[in-house]
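Architecture and fold: a report
Each chain is listed here by its residues.
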Amino acid sequence: MAKNKQKRVPKIKPVNNFLLMTFVTVFQLVTAFISANSGDTFEIKVMAAMLILIVVEWAYLIFFYTAFHRRNFELEVIAFFLCSTGIATIGSIDAGAALKQCLMIIAGVIAYIVLVFLLGNVDLCMKLRLPVAIAALALLLVNLVIAKTTNGARNWIEIFGITFQPSEFVKIAFIFVGAATLEKIQTSKNIFAYIGFSVACVGTLILIKDFGTALIFFVTFLIIAFMTSGDIKTIILAVASAVLGAGIVLKYKSYVTKRFAVYRHVWESDYYNTSGYQQTRTLVGLASGGLLGLGIGNGNTRNVYASTTDLIFGVICEEWGFIFAVILVLSFAAIAVSALVNSIAARSTFYSIAAVAGAGMLLFQTALNIFGITDVLPLTGVTLPFVSQGGSSMICCWAVLAYIKASDVRTYNYLGGARKK
Amino acid sequence: MKTITKRGIFLWILCVLFIGGIVFLSYSLVADGSEWVMKTYNRHVYSDGQLIAAGAIKDKNGVVLSESEDGERVYSDDKDTRLSTLHAIGDPRGFISTGVQSAFESQLVGYDVLNGVYEIKKNGGGNDLVLTIDSEINKVAYEALGDKKGTIAVVNYKTGDIVCMVSTPSYDVDNVPSNLESSDKYEGVYINRFLTGLYTPGSTFKVVTAICAIQNMGSSIYDRTWKCEGVYDVDGIKEDEIICNATHGKINFENALAKSCNSTFGQIAIELGPEKLAQTVESIGLTSSVSISGEMHSAEGRFFLEEGDADAYVGWTGIGQGDTLVCPAAMLRLMCAIANDGTAVSFNIVDRFENKSGESFTLNLDLNETQILSTDVASQMKTLMRNNVKKQYGDSKYKGLNLCAKSGTAQIDEVDAHNTAWFVGFMDDEENPYAFVVVAEKGNSGSKTAGPMANKVLQAIVDSNED
């Protein structure tokens, strides 16, 4: 259906990508220098990590600008901005971790490049649909086995000293399979297949007690369900959503009750040193930092458990200031809006669904993270996309970003676009 | 394709909710940030429970009473100053929760949401607090109390400014006694007795009974006489007899108050009845909490009379025995009202705050004036209390003070030495408009023990004002 349609190219003011990237580079150099200097000694590792990132991002920009004549780099610039904030923050807490984080960003960028190329070929994508679904389910099964053997204590796998979280990779597959299945003329078979797949994904996460990720999958499922067309299928999907939602709530009844007991009560004497510890320390840090922040290295939130992962937003608030922290997370809203704008003119519904679902996933995870640790929402323990320390999460974020990039009509112009027609 | 846009609605909603969440968080930060910062586990402000980043506290003459230095709260160099101002300031660990250091901690830290604690950490504390208290007068009061547990407070009844506020026992924060928690000597050391002590009022309560009598019996009360035979037989039961301090014979109202005649005031109380007494007690705020600078609050007094109570109980209550408990702060407030034509001004301990650039600001509290007595009743009480000093306590013992006062000797048990000694009143002097309260536990006699203490402090204030 989409193929025959006349495309209305959204009017986006051309941005000078090189100027934009220069701004980001200046930001990166300054923050890396301050971060490296924040401890007792100058941490060369932090500076090195940032310099590597700068080289990578400029190489990426110049290569795709010249060789592929791409002119849309706004998404990447935002992502590099987020990543470098992560490097500077993580590096100020643990210099060694900054280098590792930098490698993960590179891995993420590679995944991104590959996926953008792959998504350019819709036919191939359709063929890959089933294998990807099977691979995802297999990963989840492995995850389940590991969780079972460790008594539900972990949802990560360690291979050759590298740990990775299967559920992060399943996120990528979840969107891919959803968009690819529902893109074509929808048969009931397709819909039921996808519902089955979703139930399997969410169900496994429920079994391994990863409430936050289960919730992210559920919301992504809702977005995809809304993105597909109306009538009977919508009703089926709505019912399926309700059942899934009810399943999550029932399964987690005691867990959810416990979360809600502390939620909005974190300051009370029963909680502020127990299940409200992270939230109260984050809020105290937030207030101590004020709007302008105390400067990198001068906060106390950094000393709280999970400061480089779940609580990194709290560290940034305290040290970089609330104004900066808000600008940082508004980036995700910007990504979401660009995905929505792209979806209007995307080459096919496959791209539209994938882009909106991907952006929704990133935005929802951001909301769970920043509002969870500040007691605006119940705490679920998810990471901040692109910023938090963690390899799987970083690769997943870049891959999800590829869906949004693919929906931008300017991305594949070099393949022909207008010319080939 | 339009339908696809519409179907993106879920993400649009998510975006709006996301922005809404950020707005909510920003609002919370602005509204509650100053509260969050003051959590004792905020290491920017506290270390090991001690306020490390806060301004200095000074007395009215600029004498530094406590300040933050190298991550510690440091008190005055002078031991007597430390002892006599401890309860006004509060201890470094916040056990004395009624001190200004706790009550005004957020102003002392000087948090602002723009810079957070940045400036505070850089400059070692936000705003200095200048008190209305004169530490020299506090020292005199502390010395006057000697080894007695109790309190002395003096307030300017025109402005409400507290000039002196001492509570004993006290201890030296620079040399904490090892038996602080165990020794009887330090019983209730963390309590500011002026604010949270509750005492049987004894004869000072006769001021209340007298007010009630004037309010309800009018001027005819001055024409009446009562008979005092040393013991007033209320209802024929031996235990209920009200025993007087002497046999006063035929006695009028004025002299009955001056001589603190229990027989007379027992009879007056019974004649007034429990409801009228209860009404007066409530209207003069004796059972209400008194607030100082809007942040420190006294304990509420207890008064139990109600309709249908037996005469003996009413009589005993009317002379300040029975179950009534009064907070010294509330009694002082009543003295202020009598001195100030019936108007009680709100108490104040904060003169001003000064920030690091030398600008000063105040708390912007509304000057809360409450007319708790009619001008007429206040002026009659003033005359009566002036008469007490002239006829009973002796102006010679309170030279140049133009004192109006009432003593009280509250019996706690059968032993006279255990009596709580009270002395309350004010100076009827435009130049020195001071009201005071003195309470000394195990003080035996109000006029003999508490009276001289009041004199020492008031003379010191008058002297310091003349300099």
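Structure first, text after, so check above.
I will try to describe carefully the structure that is included in this document. Fair warning: this is a prediction, and the values are worked out from it, not measured in the lab.

The rules behind these values
Residues numbered from 1 in each chain as written. Chains lettered and ligands numbered in written order. Predicted model: local features only at pLDDT ≥ 70, side-chain atom pairs only at ≥ 80, totals over all residues. Heavy atoms only, no water. Helix = DSSP H or I, 4+ residues; strand = E, 2+ residues; numbered from the N terminus. Buried < 20%, exposed > 50% of the residue type's maximum accessible area, 1.4 Å probe, protein only. Contact = heavy atoms within 4.5 Å. Pairing = 2+ DSSP bridges. Buried area = accessible area lost by both parts, 1.4 Å probe. Salt bridge = Lys/Arg side-chain N within 4 Å of Asp/Glu carboxyl O. Polar contact = N/O pair within 3.5 Å; in protein donor to acceptor, adjacent residues only side chain to side chain. Nonpolar A, V, L, I, M, F, W, Y, C, P; charged D, E, K, R; others polar. Expected span 1.5 Å × (residues − 1). Phe/Tyr/Trp six-rings, centres within 6.5 Å; stacked < 30°, edge-to-face > 60°. Lys NZ or Arg CZ within 6 Å of the ring centre and 35° of its normal.

**A look at the environment of Val154 of chain B**
Residues and elements named next belong to chain B.
- By secondary structure assignment, the location of Val154 is in strand S7 (residues 150–156).
- You can call Val154 buried: its relative accessible area is 1%.
- Sequence spacing of Val154 and Leu458 is 304 residues, and the spatial spacing of their C-alpha atoms is 8.3 Å.
- For Val154, the residues in contact, after removing those within four places along its chain, are Asp161, Ile162, Val163, Cys164, Tyr434, Ala435, Phe436, Val457, Leu458 and Ile461.

**What about the pairing of strand S6 (residues 128–131) of chain B?**
Residues and elements named next belong to chain B.
- Side chains Asp128 and Val130 project from S6 onto one buried face, and the interleaved Leu129 and Leu131 project onto a second face that is buried too.
- For strand S3 (residues 57–58) and S6, the ladder comprises two bridges, and the chain directions are parallel. Opposite Ile57, over in S6, you have Leu129 as the bridge partner.
- By the bridge criterion, four bridges tie S6 to strand S16 (residues 350–354) in an arrangement that is antiparallel. Bridging from a neighbouring strand, Leu129 pairs with Phe353 of S16.

**Remarks on the interface of chain A and chain B**
- Contacts between the two partners involve 54 residues from chain A, matched on the other side by 35 residues from chain B.
- Taken together, the two surfaces of chain A and chain B that pack against each other cover about 3900 Å², and 79% of this comes from carbon and sulfur.
- Of all residues in chain A, Trp267, Ala287 and Leu340 of chain A bury the most surface against chain B, accounting for 13% of the area lost on that side.
- Put simply, chain A and chain B have zero salt bridges between them.
- Summed over the shared surface of chain A and chain B, the result is eight residue pairs in polar contact (both at pLDDT 80 or more).
- The set of elements that each furnish at least two residues to the side of chain A that touches chain B consists of helix H8 (211–227), helix H11 (277–289), helix H12 (312–320), helix H13 (322–345) and helix H14 (349–373) of chain A.
- With 11 residues, H14 of chain A is the largest single contributor of residues to the side of chain A that touches chain B.
- Class assignment for the residues of the side of chain A that touches chain B results in 34 nonpolar, 16 polar and four charged.

**Notes on H11 of chain A**
- With 13 residues, H11 of chain A extends 18 Å between its outermost C-alpha atoms, agreeing within 8% with the 18 Å of an ideal straight helix rising 1.5 Å per residue.
- With respect to burial, H11 of chain A is a largely interior element, 12 of its 13 residues being buried.
- Along H11 of chain A, the residues that are buried comprise Gln278, Gln279, Thr280, Arg281, Thr282, Leu283, Val284, Gly285, Leu286, Ala287, Ser288 and Gly289 of chain A.
- Buried residues along H11 of chain A sit against H12, H13 and H14 of chain A together with helix H2 (9–37) and helix H6 (118–123) of chain B.
- Immediately beyond the C-terminal end of H11 of chain A, within one or two residues, lies Gly290 of chain A, with a positive phi of roughly 65 degrees.

**So, the packing of aromatic side chains**
- Within this structure, the stated rule accounts for 45 aromatic pairs over all chains.
- Consider the rings of Phe176 of chain A and Phe350 of chain A, whose centres lie 6.2 Å apart with planes at 90 degrees: the pair is edge-to-face. Taken together, the residues span a long stretch of sequence, with Phe176 of chain A in helix H6 (residues 166–183) and Phe350 of chain A in helix H14 at a distance of 174 residues.
- By relative accessible area, which is 0% here, Phe350 of chain A ends up buried.
- Between Phe253 of chain B and Phe265 of chain B, the ring centres sit 6.0 Å apart and the planes meet at 35 degrees, which makes this aromatic pair tilted. Note that Phe253 of chain B is positioned in helix H10 (residues 253–258) and Phe265 of chain B in helix H11 (residues 262–272), a separation of 12 residues in sequence. Like Phe265 of chain B, Phe253 of chain B is buried.
- Here a set of aromatic residues connected by ring pairs shows up, and it is made of Tyr60, Phe63, Phe64, Phe68, Phe73, Phe80, Tyr112, Phe117, Phe332, Phe386 and Trp398 of chain A.
- Here the guanidinium or amino end of Arg70 of chain A rests over the ring plane of Phe117 of chain A, the centre of that ring lying 5.8 Å away.
- Here Arg71 of chain A stacks its cationic end above the ring of Tyr65 of chain A, 3.7 Å away from the centre of that ring.

Any functional reading would require information beyond the geometric quantities listed.
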